[in-house]
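Listed below, chain by chain, are the residues.
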Amino acid sequence: MENSCRSRPWRICGNWGVEPLDLGAVPIHRMRLVWENREVEAALPFAALGLSRHVLDEALISQAAANGARVERGVRVTELDGHVARTNVGEREGRQVLIATGKLPIRGEKAPARIANGHVGFKMHYRLAPSAARQLAETIVLALLDGGYAGLQLVENGRANLCLVLRAQAFARLGGDWQGVRACLDGTSQLQRILADAEPLFARPLAIANLGYGPPPRGHGTDIAGAMFLGDRWAMTPSLTGDGMAIALRSGLLAAGCVLAGESAGTYHRLLAAETRRQIARATILQNGFEAPAFRHAAYWLARLYPALLTHAARATRLPDWSGP
């Protein structure tokens, strides 16, 4: 899921002065695929770490500030006019605009069309019982659900991170609320055992709707002239691959290199597309397949017969190795 990354992106963080293990990141070496009351496990083909975005983002921001970046909190961009940003505290002007607002548009940007039967996402943190934490140690659980999937892994400070993605129609069938979604997890014996005595650490889950997974649409990145789009603002890779942070870090490296070299936003977007399009395409095919009952059935039993297929699928949905500076 979103909070796990292969080893090379984490080494990039180290080059920036941020050491994930020092922040409490949890090593992950195995993947457990769960379907109803069945499960199969395989080794990951890379070293992964579980770390929440809250902790990682704060560490990166602090490191940027320590290296001379000016960090302004509580400032919200309300409109962009060329290289001038209008905010809630006045105007800001720069020689280059980089947009890293995640899944949120800003005023002046074309709003994305609503996606028919799009995805709804949830995130919740839990404190697990000791026996449940041992079951989850060094493992990411990927549970296949009717119309979506859930991922569960340990992160820093003994927390367990649950991410869950469902099609809008599947969410509606469950009652359209978190209680129905949470109850559906009890139909998966592995998650039921691990979460049976878990303590929720959020008052309610973080949620977002109308997720637009897949490659960026044609012409994306041109509706705000001269701006560079980073991370999810460029394109959203399916969360089940766990490579979202790798793409975010890669886009940041490419954008920084282009800004320093005086390259245009168009050049940056072409470089980013070349780096990410295969990963996003493969991940999208895999996600769409898992949503089909026949594919779920066939995929699970093939993985049961040949667990190495899980290892291969994890490797095939990684970004290529970074060849830049």
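Residues numbered from 1 in each chain as written. Predicted model: local features only at pLDDT ≥ 70, side-chain atom pairs only at ≥ 80, totals over all residues. Heavy atoms only, no water.

Moving on: the nonpolar core. Counting residues in each nonpolar core, the largest one holds 28 residues, and the members touching the most others are Tyr126, Leu128 and Leu152. Residues in contact with Tyr126, not counting those within four places in the same chain, are Gly158, Arg159, Ala160, Leu162, Trp178, Arg182, Leu195, Ala198, Glu199, Pro200 and Leu201. (Core = buried A, V, L, I, M, F, W, Y, C linked by side-chain atoms within 4.5 Å. Buried < 20%, exposed > 50% of the residue type's maximum accessible area, 1.4 Å probe, protein only. Contact = heavy atoms within 4.5 Å.)

This part takes up the confidence of the model for the chain. Chain-level statistics for the chain give a pLDDT mean of 87 and a share of 88% at 70 or above. For the chain, the element scoring lowest by mean pLDDT is strand E1 (residues 4–5), at 42; strand E12 (residues 199–200) scores highest, at 96. Across residues 1–7 the pLDDT falls below 50, and counting only partners more than four positions away or on other chains, this stretch makes 44 contacts in the model. (pLDDT = per-residue confidence, 0-100. Helix = DSSP H or I, 4+ residues; strand = E, 2+ residues; numbered from the N terminus.)

Quick look at the environment of Ala303 now. Considering the arrangement of structural elements, one finds Ala303 in helix H9 (residues 293–305). Here Ala303 falls in the buried class, since its relative accessible area comes to 3%. Along the backbone, Ala303 and Glu39 are 264 residues apart, and their C-alpha atoms lie at a distance of 9.5 Å. Those residues in contact with Ala303 that sit more than four places away from it in its chain are Leu33, Val40, Leu309 and Leu310.

Quick look at H9 now. Given a rise of 1.5 Å per residue, 13 residues ought to cover 18 Å, and the 19 Å separating the end C-alpha atoms of H9 matches this to within 8%. What H9 keeps buried is the set Arg296, Ala299, Tyr300 and Ala303. Buried residues of H9 fall within an arc of 100° about the axis and therefore sit on the same side. Every exposed residue of H9 that faces more than 90 degrees away from the buried side is listed here: Ala294 and Leu305. Structurally, H9 contributes buried residues whose contacts are with strand E2 (26–35), strand E3 (38–50), strand E9 (139–145), helix H8 (265–290) and helix H10 (308–316). (Expected span 1.5 Å × (residues − 1). Arc of directions from axis to C-beta.)

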